[in-house]
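Residue-level listing of the chains:
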Amino acid sequence: MARVYNFAAGPSSLPLEVLERAAREMTDYNGSGMSVMEMSHRSKWFDAIIKAAEADLRKLMNIPDNYSVLFMQGGASTAFAAIPLNFMKNGKADYIVSGNFSKKAYEEALKYGDARVCASGKDNGFSEIPEIKRSDIRTDADYLHICFNNTIYGTKFNYIPDTGDIPLIADMSSCIISEPVDVTKFGVIYAGAQKNMAPAGLTVAIVRRDLLGYAREITPTMLNYQILSDNNSLYNTPPCYAIYIAGLVYKWILSLGGLEKMQEINVKKAAVLYDYLDSSKLFRPVAAKKCRSLMNVTFVTGDAELDAKFCAEATENGLVNIKGHRSVGGMRASIYNAMPTEGVEKLVEFMEKFEKENLK
Ligand SMILES: *Cc1c(COP(=O)(O)O)cnc(C)c1O
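Throughout what follows, the structure given in this document is the object of discussion. On a predicted model such as this, the values are computed, not experimentally measured, just so you know.

## Regarding the site of the ligand
Part 1 of the reasoning: If you check the shell around the ligand, you find 13 residues, and the closest are S77, T151, D171, Q194 and K195.
Part 2 of the reasoning: Take Q194: an N or O atom from its side chain is 2.9 Å from an oxygen atom of the ligand.
Part 3 of the reasoning: K195 is positioned such that a nitrogen or oxygen atom in its side chain is 2.5 Å from an oxygen atom of the ligand.
Part 4 of the reasoning: Of the residues assigned to the shell around the ligand, the class counts are 4 nonpolar, 7 polar and 2 charged.

## Brief notes about the sheet that holds strand β2 (residues 67-72)
Part 1 of the reasoning: Strand order in the open sheet formed by 7 strands is β2-β10-β9-β8-β5-β3-β4, with mixed pairing between adjacent strands. Only two strands of the sheet have a single partner each, and these edge strands are β2 and β4 (114-120). Geometrically, the sheet is characterised by an average inter-axis angle of 20° between neighbouring strands, direction not taken into account.
Part 2 of the reasoning: Pairing geometry for strand β5 (residues 144-147) and strand β8 (residues 168-171), over 4 bridges, is parallel.

## Focus on the environment of S13
Part 1 of the reasoning: Following the sequence through the fold, S13 ends up in the loop between β1 (5-6) and α1 (16-24).
Part 2 of the reasoning: Residue classification places S13 among the buried residues on the basis of a relative accessible area of 17%.
Part 3 of the reasoning: Separated by 291 residues in sequence, S13 and A304 place their C-alpha atoms 26 Å apart.
Part 4 of the reasoning: Setting aside chain neighbours within four positions, we find S13 in contact with N6, A338 and M339.
Part 5 of the reasoning: Of the polar contacts made by the side chain of S13, one reaches the backbone oxygen of N6; its length is 2.9 Å.

## Regarding the packing of helix α7 (residues 258-279) against helix α9 (residues 341-358)
Part 1 of the reasoning: The interhelical angle for the contact between α7 and α9, taken along N-to-C directions, is 0°, at an axis separation of 10 Å. Looking at the two axes, α7 sits roughly parallel to α9. Together, I265, K269, V272, L273, Y276 and L277 of α7 and T341, V344, E345, L347, V348, M351, E352 and E355 of α9 make up the contact between the two elements.

## Quick notes on the sheet that holds strand β12 (residues 296-300)
Sheet strands pair by backbone hydrogen bonding; their relative direction is either parallel or antiparallel.
Part 1 of the reasoning: Strand order in the open sheet made by the 3 strands is β11-β12-β14, with antiparallel pairing throughout. Unpaired on one side and paired on the other, β11 (284-285) and β14 (331-334) mark the two borders of the sheet.
Part 2 of the reasoning: Here 4 bridges tie β12 to β14, and the two strands are oriented antiparallel to one another. For N296, the partnering residue across the bridge sits in β14 and is S334.

## Here's the deal with the side chain of R332
Part 1 of the reasoning: Turning to its location among the elements, R332 is positioned in strand β14.
Part 2 of the reasoning: Of the side chains bearing the opposite charge, D171 lies closest to the buried R332, which forms no salt bridge; the N-O distance is 12 Å.
Part 3 of the reasoning: Engagement of the side chain of R332 in a polar contact is seen with the backbone oxygen of T151, the distance being 2.8 Å.
Part 4 of the reasoning: Apart from residues lying up to four places away in sequence, R332 is in contact with F7, A9, T151, I152, N296, V297, T298, N321, I322, K323, G324 and H325.

## Observations concerning the side chain of S334
Part 1 of the reasoning: Mapping S334 onto the fold places it in strand β14.
Part 2 of the reasoning: By relative accessible area, which is 1% here, S334 ends up buried.
Part 3 of the reasoning: Side-chain polar atoms of S334 contact the side chain of N296, separated by 3.0 Å.
Part 4 of the reasoning: Sequence-distant contacts of S334, defined by excluding residues within four places in its chain, comprise N6, F7, A8, A9, M295, N296 and M339.

## A closer look at helix α4 (residues 100-110)
Part 1 of the reasoning: When α4 is considered as a whole, its buried residues turn out to be S102, A105, Y106 and A109. The buried residues of α4 occupy an angular sector of 95° when the element is viewed end-on, so they sit on one face.
Part 2 of the reasoning: Against α3 (75-87), β3 (92-97), β4, β5 and β6 (149-150) lie the buried residues of α4.

## Observations regarding the pairing of β5
Residues in a regular strand project their side chains so that they alternate between the two faces of the sheet.
Part 1 of the reasoning: Neither face of β5 is exposed, since L144 and I146 on one face and H145 and C147 on the opposite face are all buried.
Part 2 of the reasoning: Direction of pairing for β3 relative to β5: parallel, over a ladder of 2 bridges. Bridged to Y95 within β5 is H145.

## Things to note about the nonpolar core
Nonpolar side chains tend to gather and get buried jointly when the protein is soluble and globular.
Part 1 of the reasoning: With 94 residues, the main nonpolar core has M61, I177, Y250, F283 and F310 as its most contacted residues.
Part 2 of the reasoning: At 12 residues, the largest contribution of residues to this core is made by helix α6 (residues 240-256).
Part 3 of the reasoning: Leave out the neighbours within four places in its chain, and Y250 touches A53, D56, L57, L60, F71, I177, M197 and V204.
Part 4 of the reasoning: Listed in part, the 31 residues of the second largest apolar core include L85, A105, A109 and L212.

## Quick look at the packing of aromatic side chains
Part 1 of the reasoning: The full count for this structure, using the stated rule, is 18 aromatic pairs.
Part 2 of the reasoning: An angle of 85° between the planes, with centres 5.6 Å apart, marks the rings of Y29 and Y244 as edge-to-face. Separated by 215 residues along the polypeptide, Y29 in the loop between α1 and α2 (44-61) and Y244 in helix α6 bring together distant segments of the chain.
Part 3 of the reasoning: A relative accessible area of 13% means that Y29 is categorised as buried.
Part 4 of the reasoning: The rings of Y276, F283, F299, F310, F350 and F354 are connected pair by pair, giving a single aromatic cluster.

Reading the values: the criteria
Residues numbered from 1 in each chain as written. Predicted model: local features only at pLDDT ≥ 70, side-chain atom pairs only at ≥ 80, totals over all residues. Heavy atoms only, no water. Near = heavy atom within 4 Å. Polar contact = N/O pair within 3.5 Å; in protein donor to acceptor, adjacent residues only side chain to side chain. Nonpolar A, V, L, I, M, F, W, Y, C, P; charged D, E, K, R; others polar. Pairing = 2+ DSSP bridges. Helix = DSSP H or I, 4+ residues; strand = E, 2+ residues; numbered from the N terminus. Axes fitted to C-alpha atoms, helices over the stretch in contact; angles between N-to-C directions. Buried < 20%, exposed > 50% of the residue type's maximum accessible area, 1.4 Å probe, protein only. Contact = heavy atoms within 4.5 Å. Parallel < 35°, antiparallel > 145°, perpendicular 65-115°, else oblique. Lys, Arg positive; Asp, Glu negative; His and termini not counted. Salt bridge = Lys/Arg side-chain N within 4 Å of Asp/Glu carboxyl O. Arc of directions from axis to C-beta. Core = buried A, V, L, I, M, F, W, Y, C linked by side-chain atoms within 4.5 Å. Phe/Tyr/Trp six-rings, centres within 6.5 Å; stacked < 30°, edge-to-face > 60°.

Right under this line is the structure:
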């Protein structure tokens, strides 16, 4: 059976090379006589897997030694609670609400202290990223939280907020390892893996070490980043298989030439779709031009019935999971690292045909 072009927002496509390698190694990993799924997380094989995954992620993202890399469970949504528990040391934090997930993160933080929205994209329907200045952040805030790429609205920060000495914490679930970022500008970066790194079940956090050690007393052990860090992500059983796949994905990107090369590919790939959308008379892009996501491209026809017809016909043509998030409608093509440029070209070809047939 042929593989489809899968534009799902997450869980999403993984590189075919990675899947094929995992298939080859499925029943006998590296001479162990067993699958990675079946081995102890304390075995010498898994020890090598998790160490290599960490080393390769450090190399890819150029993560300095004063940052811990944590592999854990719970998804980004669990991190929404872990962030205030670990880092709201004086009970105050500011949040930029630029979409659904940043709103959820903010609402979760309200349970733990004085969380405040310092800027929101609500007034423009989240089609733009709010721009803030240092003076918009409370001087005694423990951190500023942002969602760097808004998976649902298809927008991305085109700047890194200047927070001075206040740690910047970013949810990068849907854009991590899609292009280089200066890790040193952030106190914490975290991401659910199922968008751009691995199957669901793994969450990665990159934490500046001086921020550790302030978790409040009630913090569940498994959400205490200091404890996870002290135990090299092996306090309990980590999501072993997802870590193994993430490691293969990191090696795949390194083999392509690292994040500079990945960015070059992603910029060209997204342009294929955005250039068409800018010229189309039927489809209209949703996100403001200056903050378009490279990973999630949102668009509409303006007619919900026509949108539904488009999604149905796209599916028949092997272009699947292109329906927008249930909260916003329209279409969304998620074109993460694993989506080949050819998939986007096929999508645009199909959109041109659909436009000809349906433009009144
Ligand atoms: C998908 C997503 C989440 C939620 O992730 P879970 O792992 O399902 O909890 C949070 N933030 C962003 C930016 C996302 O894309």
